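Spelled out, the chains give:
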Amino acid sequence: MPGTDLRSGVNPIPPSLPATAVGLGLRRGLLDDLEQALPGDVDFLECAPENWIGLGGALGERLRGLSARYPLTCHGLSLSLGGSAPLDLAFVDQVRRFLDTHHVALYSEHLSYCSDDGHLYDLLPLPFTDEAVRHASSRIRQVQDRLGRRIAVENVSTYLTPHAAMSELAFTRAVLDEADCDLLLDVNNVYVNAGNHGYDPVAFIDGLPAARIVCLHVAGHHDEADGLRIDTHGSAVIDPVWALLAHARNRFGPRPALLERDFNLPPIAELRGELQQMRRILAGQPSLPEAAA
């Protein structure tokens, strides 16, 4: 069946997330709306564990209430899977306790690095080389062993490539195979990178292994200049990105999909409209002209 990992016979979709589930990023500015949301508005929530680990008081209590109501996934920001500094294993242990406490269905991280003798507060691109494949894959396997679970890596938005001995697609596939991990496919990042680096976003999606894809992301971005798209998570999703999501759904079958919105938070009615658009796409219903791709 679509989405089955043929090496192990295990379906990669997290067991507590239906294939057509739609999710929303858990942001403090959305807490009131999420607590008052109607059944069917959203199926799961995603948070960055760094923003919630060890948090007590009223915010910690609200997180516990939401994680009891919705399946929770986690999308990390600071593992620095491609970095040169040793992995912070004490932090990985904190993440494991957080995942266990909140019965987290899926933990993902970025296929990038964000530290070099200190935190750089940005997700920086990796060189597309065999050495980088081996290095990142070794660190991913170490994290998986420490957590006692598979993780997913996310394709990141980039604005330059330090060195490219292979394509982004070939690099991504090589890491997935070498690390034996899963993929969180960010459709907006594919669209952003395709514009920034001049490749075909549909061909990129078509080249990915369906058996590795556990979740999809969509978000808004900003066209800074001709040939420069900036991943912002601060605006509505545009039609070509919706069309790419529909293409991914048709290519791989439905996967849980999440709407990322980090700032410029609109009224919940606007977010509800985007979530409904995602739900239509995952169900295979017509929503956009195919030409929008």
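Note that the coordinates shown come from a computational prediction; the quantities given were computed from them, not determined experimentally.

Draft legend 1. A look at helix H8 (residues 239-252). Its 14 residues give H8 an end-to-end C-alpha distance of 20 Å, which sits within 8% of 20 Å, the value for a rise of 1.5 Å per residue. Taken residue by residue, H8 has Val241, Trp242, Ala243, Leu244, Leu245, Ala248, Arg249 and Phe252 as its buried positions. Structurally, H8 contributes buried residues whose contacts are with strand E8 (182-186), helix H6 (187-197), helix H7 (201-206), strand E9 (213-219), strand E10 (221-225) and helix H9 (268-282). Trailing H8 by a residue or two, Gly253 shows a phi angle of about 85°, which is positive.

Draft legend 2. Main features of the layout of surface pockets. Approximately 580 Å³ is the volume found for the largest pocket. In terms of lining residues, the largest pocket is bounded by 30 residues, among which Leu77, His110, Leu123, His233 and Asp262 are the most central. Listing elements by their share of the lining of the largest pocket, those giving two or more residues are strand E2 (44-47) and strand E6 (119-124). Each residue belonging to the lining of the largest pocket can be placed in one class, and the counts come to 12 nonpolar, nine polar and nine charged.

Draft legend 3. Examining the side chain of Arg261 more closely. Here Arg261 lies in the loop between strand E12 (257-260) and H9. A polar contact is formed between the side chain of Arg261 and the backbone oxygen of Asn264, at a distance of 2.8 Å. Leave out the neighbours within four places in its chain, and Arg261 touches Arg27, His233, Gly234, Ser235, Ala236, Pro266, Glu270, Leu271 and Glu274.

Rules used throughout
Residues numbered from 1 in each chain as written. Predicted model: local features only at pLDDT ≥ 70, side-chain atom pairs only at ≥ 80, totals over all residues. Heavy atoms only, no water. Helix = DSSP H or I, 4+ residues; strand = E, 2+ residues; numbered from the N terminus. Expected span 1.5 Å × (residues − 1). Buried < 20%, exposed > 50% of the residue type's maximum accessible area, 1.4 Å probe, protein only. Contact = heavy atoms within 4.5 Å. 1 Å grid on protein atoms, 1.4 Å probe; cavity = no way out; pocket = protein on both sides within 12 Å on 5 of 7 lines; lining within 4 Å. Points joined across faces, edges and corners; volume = space filled by probe spheres on them. Nonpolar A, V, L, I, M, F, W, Y, C, P; charged D, E, K, R; others polar. Polar contact = N/O pair within 3.5 Å; in protein donor to acceptor, adjacent residues only side chain to side chain.

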